[in-house]
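# Report on the structure
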Amino acid sequence: MGADSEDAVKQLSLLMEQVEAPLKRSFQNVHQGYPKETMMRFLKAREWNVSKAHKMIVDSLNWRIQNEIDTVLERPIVPVDLYRSIRDSQLVGLSGYTKEGLPVFAIGVGHSTYDKASVHYYVQSHIQINEYRDRIILPRLSQQFGRPVTNCIKVLDMTGLKLSALSQIKMLTSISTVDDLNYPEKTETYYVVNVPYIFSACWKVVKPLLQERTKKKVKVLSGCGRDELLKIMDYSSLPHFCRREGSGSSKHSSSDVDNCFSLDHPFHKELYGHIKEQASHKELIKMGSLHVSIPEPDPNDAKIVEVIEAEFQKMGEQDGSANGHNE
């Protein structure tokens, strides 16, 4: 870390000492004993501008307090059948760890339908996974390795991505806005696998709009990405959809214990068990979904969504006219 960045961390640290007690308490849940590394993440997200990073952290801490994020791991999504249907339609899971000890999160982008519950349940489930990663998994790894482990990698499976995914853009924008503003710089690298034409076409127009920092994080791999991913993780940590060419992220492509999206996978059992246990210590379990206020997206991110929508529209029209010629 250079002298300038050291100085930025010191300045931000002084500003954070002045925030009110409730924000300080919430910040402890965020930094988990690593305040410096946490401040660096917010500084990176704001191009090392101290006042912008300070505003970002304070806004995020206020969002946490207003939306009761610090107690989200005490709010199980019940009944379990509802939670199972969320897991079947919001495909995400922890498949293992890289050789350096970073958690490997797998996301079935193409096959996620988000059609089994309200948007509030999907956002709640996403935040619970984030909080469990940041408050349980990463501190455990930091202790294990004797050094701060503060981020993860994500493997995005595009199998099954269709033009109809446009209907999910609002949901995905809500989730990515929550991440961008409250969990910045948590992903070291995004590996994109099983890429269909529709993704390649969108990536071509979206890539120039991304910040250089974000662009460097995205690696589009050929096929299922197995050979590339095996350079950074063991076979046992590969997401099930990367284990053989053409396997895709179909829920039927492996047993439920291997399928890290399934509620029967050890990660989801552990996560759900933890939330239920935390809830049992409370006199009253709050029923129903957590209604989290979604912050306004960054104008640049809103522009990217517009470009994706326009590209999908264009491809839809091309498909329509091609089909018209065939008749």
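An unreviewed UniProt entry annotates the chain as CRAL-TRIO domain-containing protein of Urochloa decumbens.

## Quick notes on the pattern of salt bridges
In the structure shown here, the tally under the stated rule is 16 salt bridges. The salt bridge partner of D115 is K116, with a shortest N-O separation of 3.4 Å. The class of D115 is partly exposed, set by a relative accessible area of 49%. For K116, a relative accessible area of 46% gives the class partly exposed. Across the salt bridge formed by R213 and E185, the nearest N and O atoms sit 2.7 Å from each other. With R213 in helix α9 (residues 212–217) and E185 in the loop between α7 (169–182) and β4 (187–193), the pair connects residues that are 28 residues apart, well separated along the chain. A relative accessible area of 22% places R213 in the partly exposed class.

## Details of the packing of aromatic side chains
Throughout the structure, instances matching the rule amount to six aromatic pairs. Between Y83 and Y272, the aromatic rings sit 4.5 Å apart at their centres with planes inclined by 15 degrees, giving stacked as the arrangement. Pair noted here: Y83 is in helix α5 (residues 80–89) and Y272 is in helix α11 (residues 266–280), with a separation of 189 residues, a long-range link. Here Y83 matches Y272 in class, with each residue buried.

## Remarks on unusual backbone geometry
For the bond from V78 to P79, the omega torsion is 0 degrees, close enough to zero to count as cis. Tracing the sequence through the fold places P79 in the loop between α4 (50–66) and α5. With phi around 50 degrees, E47 is a residue other than glycine that occupies positive phi space. Structurally, E47 is set in the loop between α3 (35–45) and α4.

Rules behind the numbers
- Residues numbered from 1 in each chain as written.
- Predicted model: local features only at pLDDT ≥ 70, side-chain atom pairs only at ≥ 80, totals over all residues.
- Heavy atoms only, no water.
- Salt bridge = Lys/Arg side-chain N within 4 Å of Asp/Glu carboxyl O.
- Buried < 20%, exposed > 50% of the residue type's maximum accessible area, 1.4 Å probe, protein only.
- Helix = DSSP H or I, 4+ residues; strand = E, 2+ residues; numbered from the N terminus.
- Phe/Tyr/Trp six-rings, centres within 6.5 Å; stacked < 30°, edge-to-face > 60°.

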